[in-house]
Amino acid sequence: KEYKVGLKIRRELKIPQKAYVIGNVSRICPWKGQEILLRAFIEYIKEESNSYLLLVGSPLFSKKNYFKKLQKIIAENHLQNRVIMPGYRTDLKAIFSAMDLFLYPSVEKDTSPLSLLSAISAGLPVAISNIGSLEEISNLCPALDVFPVKSTSAITQTMKKYEDVVLRTKNGRKNRESAKIFFDISVHSEKMLSIFKKL
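Presented here is an overview of the structure given in this document.

About the criteria used
- Residues numbered from 1 in each chain as written.
- Predicted model: local features only at pLDDT ≥ 70, side-chain atom pairs only at ≥ 80, totals over all residues.
- Heavy atoms only, no water.
- Helix = DSSP H or I, 4+ residues; strand = E, 2+ residues; numbered from the N terminus.
- Contact = heavy atoms within 4.5 Å.
- Core = buried A, V, L, I, M, F, W, Y, C linked by side-chain atoms within 4.5 Å.
- Buried < 20%, exposed > 50% of the residue type's maximum accessible area, 1.4 Å probe, protein only.
- Pairing = 2+ DSSP bridges.
- Right-handed = clockwise from strand over helix to strand, strands pointing away.
- Phe/Tyr/Trp six-rings, centres within 6.5 Å; stacked < 30°, edge-to-face > 60°.
- Axes fitted to C-alpha atoms, helices over the stretch in contact; angles between N-to-C directions.
- Salt bridge = Lys/Arg side-chain N within 4 Å of Asp/Glu carboxyl O.

Attention now moves to the environment of Ile128. Summarising the element assignment, Ile128 is placed in strand 5 (residues 126-129). Setting aside anything within four residues of it in sequence, one finds Ile128 in contact with Tyr104, Leu116, Leu134, Ser138, Leu144, Asp145, Val146 and Phe147.

See the structure below:
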């Protein structure tokens, strides 16, 4: 079912069925690191022609200068058909189904972002920057990859690493298992209930 939903999203966004889709979901603003991710992708795509970058989000509560800067970089590199920016979406479960790899390159404090937790829960392979505020999540999810903040070369290497479909499946499954243990609302509800029963 998830596979079919993912294909539907790819058709909507004009992404080929067999393409390698690298994604990010977050508010479009400088401290979320989309420019770094974009520049890493520009390097990566020189060697890998069947890849797409999916940047989901909008410059909510922010000036649009950064958004326009990203669009300018995309145009200058003639990547309008390879870097997809569909804006704000509410169907994130479907969006995640269309991705093969989720990258989260925040450059400043970013505590427990919901899109990151959702990507882990969706069973995607995930890589994050090594900023301190994300350390707790990486400690709970050993299958997460961690790269040095602002390192385009490390991000490019991560993109190359997850060309391996078997590895994507393996680490995605591990992430989903970790999410069930640590992030599932039913688990937290049971823990709270057991505490209340002891009162």
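Turning next to the nonpolar core. In terms of nonpolar packing, the biggest core is built from 30 residues, with Leu54, Met99, Phe102, Leu116, Ile120 and Val126 touching the most fellow members. When residues of this core are traced back to their parent elements, those giving at least two are strand 1 (20-25), strand 2 (51-56), helix 4 (92-97), strand 4 (101-104), helix 5 (114-121) and strand 5. It is helix 5 that provides the largest number of residues to this core, a total of 4 residues. For Phe102, the contacting residues outside a window of four places in its chain are Gly23, Asn24, Val25, Phe96, Ser115, Leu116, Ala119, Leu124, Pro125, Val126 and Ala127. If you look at the next biggest cluster of nonpolar residues, it comprises 29 residues, including Tyr44, Phe67, Leu103 and Ala127.

Phi angles above zero are rare outside glycine, and Lys14 is one such case at about 60°. Among the structural elements, Lys14 can be located in the loop between helix 1 (2-12) and strand 1. Residue classification places Lys14 among the exposed residues on the basis of a relative accessible area of 69%. Unusually for a residue other than glycine, His78 sits at a positive phi of about 55°. Relative to the helices and strands, His78 is located in the loop between helix 3 (65-76) and strand 3 (83-87).

Right, let's talk about the pairing of strand 1 for a bit. Across the 6 residues of strand 1, 6 count as buried, placing the element largely inside the fold. Along strand 1, one buried face is formed by Tyr20, Ile22 and Asn24 and the opposite face, lined by Val21, Gly23 and Val25, is buried too. Bridge count for strand 1 against strand 2 is 6 bridges, and the pairing is parallel. Of the residues in strand 2, the one forming a bridge with Gly23 is Leu54. With helix 2 (residues 34-44) bridging strand 1 and its parallel neighbour strand 2, the resulting β-α-β unit is right-handed. In terms of strand pairing, strand 1 meets strand 4 through 2 bridges, oriented parallel. For Gly23, the partnering residue across the bridge sits in strand 4 and is Phe102.

What follows deals with the environment of Pro16. Counting through the fold element by element, Pro16 comes out in the loop between helix 1 and strand 1. For the pair formed by Pro16 and Ser51, sequence separation is 35 residues and the distance between their alpha carbons is 9.4 Å.

Attention shifts here to the packing of aromatic side chains. The relation between two aromatic rings is expressed through the spacing of the ring centres and the mutual angle of the planes. A full pass over the atoms with the stated rule returns 3 aromatic pairs. A ring pair is formed by Phe96 and Phe102, whose centres lie 5.8 Å apart and whose planes are at 70°; its orientation type is edge-to-face. Neither residue differs from the other here; Phe96 and Phe102 are each classed as buried. Relative to Tyr104, the ring of Phe102 has its centre 6.2 Å away and its plane inclined at 15°; by these criteria the two rings are stacked. Per residue, the accessibility class of Phe102 equals that of Tyr104, and both read buried. Three or more aromatic residues link up through ring pairs in this structure, and these residues are Phe96, Phe102 and Tyr104.

Here 6 strands make up an open sheet; going across it, the order is 3-2-1-4-5-6 and the pairing parallel. Of all the strands in the sheet, the pair left with one neighbour each is strand 3 and strand 6 (145-147). Mean inter-strand twist for the sheet, computed between neighbouring axes without regard to direction, equals 25°. Bridge analysis of strand 5 against strand 6 gives 3 bridges, and the strand direction is parallel. Directly across from Ala127, in strand 6, lies its bridge partner Asp145.

What follows concerns the pattern of salt bridges. Throughout the structure, instances matching the rule amount to 10 salt bridges. Asp91 is the partner of Arg89 in a salt bridge, and the nearest nitrogen-oxygen pair spans 2.8 Å. Using a relative accessible area of 26% as the deciding quantity, one classes Asp91 as partly exposed. Between Arg168 and Asp100 there is a salt bridge, with the nearest N and O atoms lying 3.8 Å from each other. In this pair, Arg168 is assigned in helix 8 (residues 165-182) and Asp100 in the loop between helix 4 and strand 4, connecting sequence segments 68 residues apart. The structure contains a network of salt bridges with shared partners spanning Arg10, Asp100 and Arg168.

Read these as layout, nothing more, since geometry by itself doesn't imply function.
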